[in-house]
Amino acid sequence: MTKRVSFLILSFFVISIMINAQVSRTTAMGDLSYVIEDQDNSLNLFDFGKNPAWLINDEKGMRLDISPFVSNSWGSYRQKFSPYGISSYGVGVMGVRPLGEAGTFRGLANYHSELRRKNCRTLKKDTYAGEAFFFVDTTDGDFEYNGPTFEFMHSLELFKKVYVGASVRYQIWDGLKQVFSYAETLFRRISGDIGVAYKIDENFSIGSNFTISDGQERIEAKDVNLRSIDSYIYYGDTYRTLDRGGSVDHKLKKKGNSFGVQIHWQPDRKTEIGIKSRYHSANTAVLIDETKYLDDGTQQTLKDFEEGYSDFEDYSIQLKARYNVSPEFMLGFSSSYINNSSWSKNSELNLLLWEWDVKETALGVGASYKFKPASLLVGSEYEYSNTDADSSKYIDNKYCSLKSTDH
């Protein structure tokens, strides 16, 4: 009986955090990011810079990680089209296999299930993604999403001290609203990443990578009792158009690409410094099937007519450093700058609906200490950030400028 109770308690702690296998230990340490050392928490081009070319240098041995996860969140403080609560669970598997002169291979697979309780009318998976458009029906109800994600990565030394790597990631989820209009969602995203790195010497390396992504979300609803379905496209928070019919067909197409540069430097045995920067651009197109009435009284149906368009642009730079004062005592430092901006328009009228811009500067310091006799590690990090945000939602005649200081 005692063994059974112990097993149940252990199982609860194993599945009680929703994390990737790569960061399970650091997440368990309060999500400390630069004052603790871990095999998955280096400041090198792979762990910190996310450059696939450096995988061969980061992972030296065979490895298999299995990570179940579960999470549950709820609360009454939420946005207009947000659910009352979200329950998620699943399992992830990550394996690494060195291939000798052929490089190193890494594979990842996970299956995710998510239930959004009393999802308020919205039919989009990512309702608040920065676009000026919302797609809703007339009912609140549970919405469930399920699906797998796969990733394959390979890295090798192409020439002496020159490394190349590439990865491909595929995600597909299906969703179902469990009350009328019984909307079904098919969400697909595929991305590819290619990187190159150069080891100038044993203590200094530099790399860059390029990522491209393509995604589509298709929302369909058709009532089995042949009743009409009322759905709306909101432009901003106030204005909307009604689409009434026996079926609904709505698409979101998202494309993006990014370019990054990474630097890793160890000026001495006690100091480690990582720097990364990234430029990213993306867009979202809202596509519908629209019926138009021509001057002669006939009808014309336009397939995948672009109703709206959103454009995104962001760039960032981040530095992290750690210094080992002694084998037991470590100091850490972090700084970053991020600039995100976007605009949305009505495509048919070429009418600008919304523009927003967010700038954030952050500084952080931290320390950790290992109590060796007690096998105890204690760490703390503090971060100060300053944020400037400007929003001009022309269609709603709403203008906002905010400044925020956070600790």
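Parameters at a glance
- Residues numbered from 1 in each chain as written.
- Predicted model: local features only at pLDDT ≥ 70, side-chain atom pairs only at ≥ 80, totals over all residues.
- Heavy atoms only, no water.
- Pairing = 2+ DSSP bridges.
- Helix = DSSP H or I, 4+ residues; strand = E, 2+ residues; numbered from the N terminus.
- Salt bridge = Lys/Arg side-chain N within 4 Å of Asp/Glu carboxyl O.
- Buried < 20%, exposed > 50% of the residue type's maximum accessible area, 1.4 Å probe, protein only.
- Phe/Tyr/Trp six-rings, centres within 6.5 Å; stacked < 30°, edge-to-face > 60°.
- Lys NZ or Arg CZ within 6 Å of the ring centre and 35° of its normal.
- Contact = heavy atoms within 4.5 Å.
- 1 Å grid on protein atoms, 1.4 Å probe; cavity = no way out; pocket = protein on both sides within 12 Å on 5 of 7 lines; lining within 4 Å.
- Points joined across faces, edges and corners; volume = space filled by probe spheres on them.
- Nonpolar A, V, L, I, M, F, W, Y, C, P; charged D, E, K, R; others polar.
- pLDDT = per-residue confidence, 0-100.

Caption draft 1: How the structure looks around the pairing of strand β5 (residues 162-177). Sheet topology places strand β4 (residues 133-159) next to β5; 14 bridges connect them, and they run antiparallel. Paired with Phe159 across the two strands is Val162, which belongs to β5. What sits between the antiparallel neighbours β4 and β5 is a turn of 2 residues, in which Lys161 has the positive phi angle 70°. Pairing of β5 with strand β6 (residues 184-201), which is carried by 15 bridges, proceeds in the antiparallel orientation. Directly across from Gly175, in β6, lies its bridge partner Thr185. Linkage of β5 to β6, two consecutive antiparallel strands, is achieved through a turn of 6 residues, within which Tyr182 is found at a positive phi near 50°.

Caption draft 2: Representation of the pattern of salt bridges. Counted under the stated rule, the structure contains 21 salt bridges. Across the pair Asp137 and Lys177 runs a salt bridge, and its minimum N-O distance is 2.8 Å. Here Asp137, found in strand β4, pairs with Lys177, found in strand β5; they are 40 residues apart in sequence, far enough to count as distant. A single burial state applies to Asp137 and to Lys177, both of which are buried.

Caption draft 3: The arrangement of the packing of aromatic side chains in detail. Scanning the entire structure with this criterion turns up 14 aromatic pairs. On the numbers, 6.5 Å between centres and 40° between planes, the contact of Tyr145 with Trp173 is tilted. With Tyr145 in strand β4 and Trp173 in strand β5, this pair connects stretches of sequence that are 28 residues apart. Both residues of the pair, Tyr145 and Trp173, belong to the buried class. Every member of this aromatic cluster is reached through a ring pair, and the members are Phe81, Tyr128, Phe134 and Tyr234. The lysine or arginine in question, Lys125, covers the ring of Phe187, its NZ or CZ lying 4.7 Å from the ring centre. Sitting above the plane of the Trp354 ring, Lys393 keeps its charged end 4.3 Å from the centroid.

Caption draft 4: Structural detail: the side chain of Arg116. With respect to the helices, strands and loops of the structure, Arg116 is situated in strand β3 (residues 104-122). Arg116 sits in the buried class, given a relative accessible area of 11%. Leave out the neighbours within four places in its chain, and Arg116 touches Pro83, Gly85, Ile86, Lys124, Lys125, Gly141, Asp142, Phe143 and Tyr145.

Caption draft 5: Structural view of the layout of surface pockets. Volume-wise, the largest pocket comes out at about 1,200 Å³. Phe48, Gly49, Lys50, Lys276 and Arg278 are, among the 46 residues lining the largest pocket, the residues nearest its centre. It is strand β10 (residues 247-268) that provides the largest number of residues to the lining of the largest pocket, a total of 7 residues. When grouped by side-chain class, the residues that make up the lining of the largest pocket number 14 nonpolar, 21 polar and 11 charged.

Caption draft 6: Fine view of unusual backbone geometry. Cis geometry is found at the peptide bond from Phe180 to Ser181, where omega equals 25°. By the element assignment, Ser181 lies in the loop between β5 and β6. Its identity as a non-glycine residue notwithstanding, Arg121 has a phi of 70°, on the positive side. You can call Arg121 buried: its relative accessible area is 18%. Located in the positive-phi region is Tyr182, a residue other than glycine, with phi close to 50°.

Caption draft 7: Just the confidence of the model for the chain, in detail. Of the residues in the chain, 90% reach a pLDDT of 70 or more, and the chain-wide mean stands at 89. Put simply, helix α1 (residues 2-15) is where the chain has its lowest mean pLDDT, 40, and strand β13 (residues 329-346) is where it has its highest, 97. Segment residues 4-21 is flagged for pLDDT under 50; beyond a separation of four residues in sequence, or across chains, it makes 23 contacts in the model.

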